[in-house]
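Take a look at the letters that make up each chain.
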Amino acid sequence: SEESEGEDPSERDLARIYERRIQWSVHKLAHRRRVVEELLHDLLLVSRERFLNSFFPVLQPAIAVGSACEGWSPQEEKDVVFCVLVPLKPPCGHTFHLELDTAGEMPQKGMCVYVELVCTCTGEQLGSNMLCFLHHCEEELMRNQEPSLLQTLCTGPYLDVQKIALWFQKFVTSAWEEVLQSHHYSMKVLPSTRSCKLKLKKARRKPLLVEIIFGVQQGDSDIFLSSQPTEALVPPSTTWLETYAVAEAMFFQHVSRQAPRHSCYLKCLQLCARILVDTGFSPYTLKTVVMHLLTLIPLAGWCRRDFLLRLDDVIQYLRCCVEEKRLNHFFFGNEDMPEEINLPTAFQTAQPINLFQNLVQDPDAHAKAVREANDL
């Protein structure tokens, strides 16, 4: 191309490596994401028919979340997991109340979902034949109506993550033959206590790994409670952990709408994620750094020709944060938050939360992080 004239041969070699290993990965991830979204769309269509007159949670349209669905991944292709969050709404005759787990602390706190029965005597829910769980006798309810959510997927009055995961796994197994993807893929449900993990296999192709997690929305915000545990914490089955994954997905959608065509921010994430493997810096640290930079550097500065400059900015920003022992959580007290991201009021007024607090408290960890940042 005209842009290549006068380039150093080593730069052309770098460009070929970039196209083959980074550009290809981003396009492949986008294609596989579309397959996953189509699968979930079809499964949820079947679920609406199956559970139309039941009192199981109402499954809302799936939301693609996590690094692979955003277009980058720290894993090799064979290990990439595509994660989708399925929001849950209360069925007719029920309502959800969120109760703070007093043992939980921000930035990721735990909450319980209290399920309460509500009177339906004057409503027209599910047609005129629906009986009110509060005001009809138990014998009549047992004889003429499906069990309430409290009787199926709750422990005591609280929504139980493990019961929901098992229920959904059984549904997927029974519904598989009804979705279009069953004609092209074989499917296996993998063991999981808090989500539904699927392994899809197509002839002579690498397996496609999908994890379906469940969420309860906090008000009308983009912050959810999630069934997914953290690496460090597997909470009780009635505890749901606050997740920012949907807000992060909304942020990357906002950036993709505003950024110039062929922008390089996903390529920066992809390459840096591979560079940071086997260091003490987590993929979430990298994502936080890039999200901050995407609000600090005009999106016009993320064109393909700026790739090496932006790559250097990512590493230098990370290095400065390590030296200062401070990396602010992106969603707390951030004045640069795009208006499209809907956050609870408490998030908007909160003091910034330091993701590098451990470096403040542990001099040895800080010294190690400084060495790794300098090596980068």
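The shown structure was predicted, so the numbers you read here are calculated from the model rather than taken from an experiment. (Residues numbered from 1 in each chain as written. Predicted model: local features only at pLDDT ≥ 70, side-chain atom pairs only at ≥ 80, totals over all residues. Heavy atoms only, no water.)

1. Brief notes about the overall build of the protein
From N to C terminus, the protein includes 12 helices and 12 strands. In the protein, which comprises 376 residues, the proportion classed as buried is 47%. In the protein, of all internal contacts separated by at least 6 residues, the share reaching a separation of at least 24 is 66%. (Helix = DSSP H or I, 4+ residues; strand = E, 2+ residues; numbered from the N terminus. Buried < 20%, exposed > 50% of the residue type's maximum accessible area, 1.4 Å probe, protein only. Contact = heavy atoms within 4.5 Å.)

2. Quick word on the packing of aromatic side chains
If you walk through the whole model with that rule in mind, you get 15 aromatic pairs. Ring geometry for Phe51 versus Trp167: centroids 5.2 Å apart, planes at 45°, classification tilted. Of this pair, Phe51 sits in the loop between helix H1 (9–50) and strand E1 (58–59) while Trp167 sits in helix H5 (residues 161–175), and the two are 116 residues apart along the sequence. Residue class for Trp167 comes out buried when judged on its relative accessible area of 11%. An aromatic cluster of at least three residues, connected via ring pairs, comprises Tyr244, Phe251, Phe252, Phe330, Phe331, Phe332 and Phe347. Its guanidinium or amino end placed over the ring of Trp302, Arg310 lies 6.0 Å from that ring's centre, counting from NZ or CZ. (Phe/Tyr/Trp six-rings, centres within 6.5 Å; stacked < 30°, edge-to-face > 60°. Lys NZ or Arg CZ within 6 Å of the ring centre and 35° of its normal.)

3. Describing the side chain of Asp306
Position of Asp306 among the secondary structure elements: in the loop between helix H8 (283–296) and helix H9 (307–324). Lacking a salt bridge, the buried Asp306 has Arg305 as its closest oppositely charged neighbour, with an N-O distance of 4.3 Å. (Lys, Arg positive; Asp, Glu negative; His and termini not counted. Salt bridge = Lys/Arg side-chain N within 4 Å of Asp/Glu carboxyl O.)

4. Regarding H5
Look at H5: 21 Å from first C-alpha to last across 15 residues, which is about the 21 Å you get at 1.5 Å a residue. Among all positions in H5, only Val161, Ile164, Ala165, Trp167, Phe168, Gln169, Phe171, Val172 and Ala175 are buried. (Expected span 1.5 Å × (residues − 1).)

5. Topic: the environment of Gln316
Its place among the elements puts Gln316 in helix H9. For the pair Gln316 and Asn374, spaced 58 residues apart in the sequence, the C-alpha separation amounts to 9.3 Å.

6. Side note on the pattern of salt bridges
One pass over the structure, following the stated rule, counts seven salt bridges. The salt bridge partner of Arg50 is Glu178, with a shortest N-O separation of 2.7 Å. Placement of Arg50 in helix H1 and of Glu178 in the loop between H5 and strand E8 (186–190) is noted, with a sequence separation of 128 residues between them. Judged by its relative accessible area of 36%, Arg50 is partly exposed.

7. Things to note about H8
Helix length check: H8, at 14 residues, gives a terminal C-alpha distance of 20 Å against a target of 20 Å (1.5 Å per residue), a fit within 8%. Those residues of H8 not exposed but buried are Thr285, Leu286, Lys287, Thr288, Val289, Val290, Met291, His292, Leu293 and Leu294. Its buried side turned inward, H8 meets helix H2 (66–70), helix H6 (245–258), helix H7 (265–276) and H9.

8. Side note on the pairing of strand E3 (residues 81–89)
Burial analysis of E3 places seven of its nine residues in the buried class, the great majority of the element. Sheet topology places E1 next to E3; two bridges connect them, and they run antiparallel. Within the sheet, the bridge partner assigned to Leu59 lies in E3 and is Leu88. Alignment of strand E2 (residues 63–65) against E3, held across three bridges, turns out to be antiparallel. (Pairing = 2+ DSSP bridges.)

9. Let's talk about the confidence of the model for the protein
Across the protein, pLDDT averages 88, with 90% of residues at or above 70. pLDDT under 50 marks residues 1–5. Its contacts with residues more than four places away, or in other chains, come to one contact. (pLDDT = per-residue confidence, 0-100.)

10. Here's the deal with the environment of Val172
For Val172, the position within the fold is in helix H5. A sequence separation of 16 residues divides Val172 from Lys188, and the C-alpha atoms of the two residues are 9.9 Å apart. Not counting chain neighbours up to four residues away, the residues in contact with Val172 comprise Leu43, Met187, Cys196 and Leu198.

11. Brief notes about unusual backbone geometry
In this structure, Asp278 takes a positive phi of about 75° despite not being glycine. Structurally, Asp278 can be placed in the loop between H7 and H8. The exposure class assigned to Asp278 is exposed, which follows from its relative accessible area of 77%. Positive phi, close to 60°, is recorded for Lys325, a residue that is not glycine.

12. Points about the environment of Thr285
Among the secondary structure elements, Thr285 is positioned in helix H8. Along the chain, Thr285 and Leu318 lie 33 residues apart, while their C-alpha atoms are 8.5 Å from each other.

13. Regarding the pairing of strand E12 (residues 240–243)
Across two bridges, the pairing between strand E5 (residues 110–117) and E12 is antiparallel. Residue pairing in the sheet places Gly110 in a bridge with Leu241 of E12. Taken together, the three bridges between strand E11 (residues 224–226) and E12 define a ladder with antiparallel strand orientation. Note that in E12 the partner of Ser226 across the bridge is Leu241.

14. Notes on the packing of H8 against H9
If you want to describe how two helices pack, look at the angle between their axes and the distance between the axes. Where H8 meets H9, the closest approach of the two axes is 10 Å, and the angle between their N-to-C directions is 115°. Looking at the two axes, H8 sits roughly perpendicular to H9. As H8 runs across H9, the sense of the crossing is right-handed. The segment H8 lies against H9, with Thr285, Leu286, Val289, Val290, His292, Leu293 and Leu296 engaging Asp313, Val314, Tyr317 and Leu318. The class makeup of the residues in the contact of H8 with H9 is eight nonpolar, two polar and one charged. (Axes fitted to C-alpha atoms, helices over the stretch in contact; angles between N-to-C directions. Parallel < 35°, antiparallel > 145°, perpendicular 65-115°, else oblique. Left-handed = near helix turned anticlockwise from the far one by under 90°. Nonpolar A, V, L, I, M, F, W, Y, C, P; charged D, E, K, R; others polar.)

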